[in-house]
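# Coordinates in review
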Amino acid sequence: MDQKVTLAIASLLVAGVGLGLLISPGNSPVDGDKASVNEIRSESLVDVNSGSSFRISGLEKPVLVGTFAVWCTRCEKRQERINDLQRTYENFSAVSLDVDPAESRSQVTRHTLSNQFDWRFVMAQEDIIKKLESKFGEGFLKASNNSIAVICEDSMRIVSEATRKDSYLEEEIKRGC
């Protein structure tokens with residue numbers, strides 16, 4: 001075989017494997033590092049609406065942790081879907097993590113009240129940012145990526161943007177831990 005053809009085929013195979021990882025049906029598991037799962041689960045967070053502290057470890061499992069910014073319309077659509085699912089399912093919790101450092105607590109509070117969102121909303125704090133970035137990568141923390149992590153007792157998985165469809169959140173809730 002010609003060297004250029006061999007190189008082209010090899011490049012396609014590598015690209016295909018990489019693409020398969022991005023769009024494989026299902027989620028990217030990040031199990032196995034129980035220490036980092038526990039670090040994230042035990043981080044003290046503050047709900048912007050109530051002012052009360054909580055830990056992911058104390059919430060109903062699975063816990064859907066989504067990043068967002070008030071300006072992000074895709075994030076708001078996902079939050080509307082969570083709102084709808086809360087009327088149907090009681091066996092999950094949700095935490096929305098505002099990752100835009102330019103936004104204020106009052107902006108997030110107005111956002112939740114005007115949209116009638118009633119789960120926990122948190123301003124991103126440096127400790128949780130570092131832990132999530134270490135576990136999921138920098139891209140997880142960009143609001144425009146509309147990222148979701150499913151956090152359970154001993155594992156976490158990230159729902160890949162490339163695999164999302166309208167029913168992905170419902171499927172994650174049904175899948176549970």
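That block above? That's the structure.
The shown structure was predicted, so the numbers you read here are calculated from the model rather than taken from an experiment.

## As for the environment of serine 52
Within the secondary structure, serine 52 is located in the loop between strand E2 (44–46) and strand E3 (53–55). Non-local contacts of serine 52, meaning those with residues more than four positions away in its chain, are made with Leu45, Val46 and Asp47. Here serine 50 takes part through its side chain, which lies 2.6 Å from a polar atom of the side chain of serine 52.

## Observations concerning the pattern of salt bridges
A complete count under the given rule lists nine salt bridges for this structure. Between aspartate 84 and arginine 87 there is a salt bridge; the shortest N-O distance is 2.9 Å. Here arginine 87 and aspartate 84 lie together in helix H3 (residues 73–88), a separation of three residues that amounts to about one turn. When its relative accessible area of 38% is taken as the criterion, aspartate 84 is described as partly exposed. For arginine 87, a relative accessible area of 61% corresponds to the exposed category. Here lysine 142 ties to glutamate 138 by a salt bridge, and the two come within 4.0 Å at their closest N and O atoms. On the basis of relative accessible area, glutamate 138 is assigned to the exposed category, the value being 52%.

## Here's the deal with the pairing of strand E4 (residues 63–68)
With six of its six residues buried, E4 lies for the most part within the structure. Residue alternation in E4 divides its side chains into two sets, Val63, Val65 and Thr67 and Leu64, Gly66 and Phe68, and both sets are buried. Where E4 and strand E5 (residues 93–98) come together, six bridges link them in parallel fashion. By the bridge assignment, valine 65 is partnered in E5 with valine 95.

## Focus on the state of the cysteines
By the definition in use, this model includes two disulfides. The disulfide partner of cysteine 72 is cysteine 75, and the gap between their sulfur atoms is 2.4 Å. Torsion about the S-S bond of the cysteine 72 and cysteine 75 cystine: about 75°, corresponding to right-handed handedness. Judged by its relative accessible area of 5%, cysteine 72 is buried. The residue that forms a disulfide with cysteine 152 is cysteine 177, at a sulfur-sulfur distance of 2.1 Å. Disulfide cysteine 152 to cysteine 177: torsion about the S-S bond roughly -90°, handedness left-handed. Here the residue cysteine 152 occupies a position in the loop between strand E7 (148–151) and strand E8 (156–159), and cysteine 177 occupies one in the segment after helix H6 (168–175), the gap between them amounting to 25 residues.

What counts, and at which threshold
Residues numbered from 1 in each chain as written. Predicted model: local features only at pLDDT ≥ 70, side-chain atom pairs only at ≥ 80, totals over all residues. Heavy atoms only, no water. Helix = DSSP H or I, 4+ residues; strand = E, 2+ residues; numbered from the N terminus. Contact = heavy atoms within 4.5 Å. Polar contact = N/O pair within 3.5 Å; in protein donor to acceptor, adjacent residues only side chain to side chain. Salt bridge = Lys/Arg side-chain N within 4 Å of Asp/Glu carboxyl O. Buried < 20%, exposed > 50% of the residue type's maximum accessible area, 1.4 Å probe, protein only. Pairing = 2+ DSSP bridges. Disulfide = S-S within 2.5 Å.

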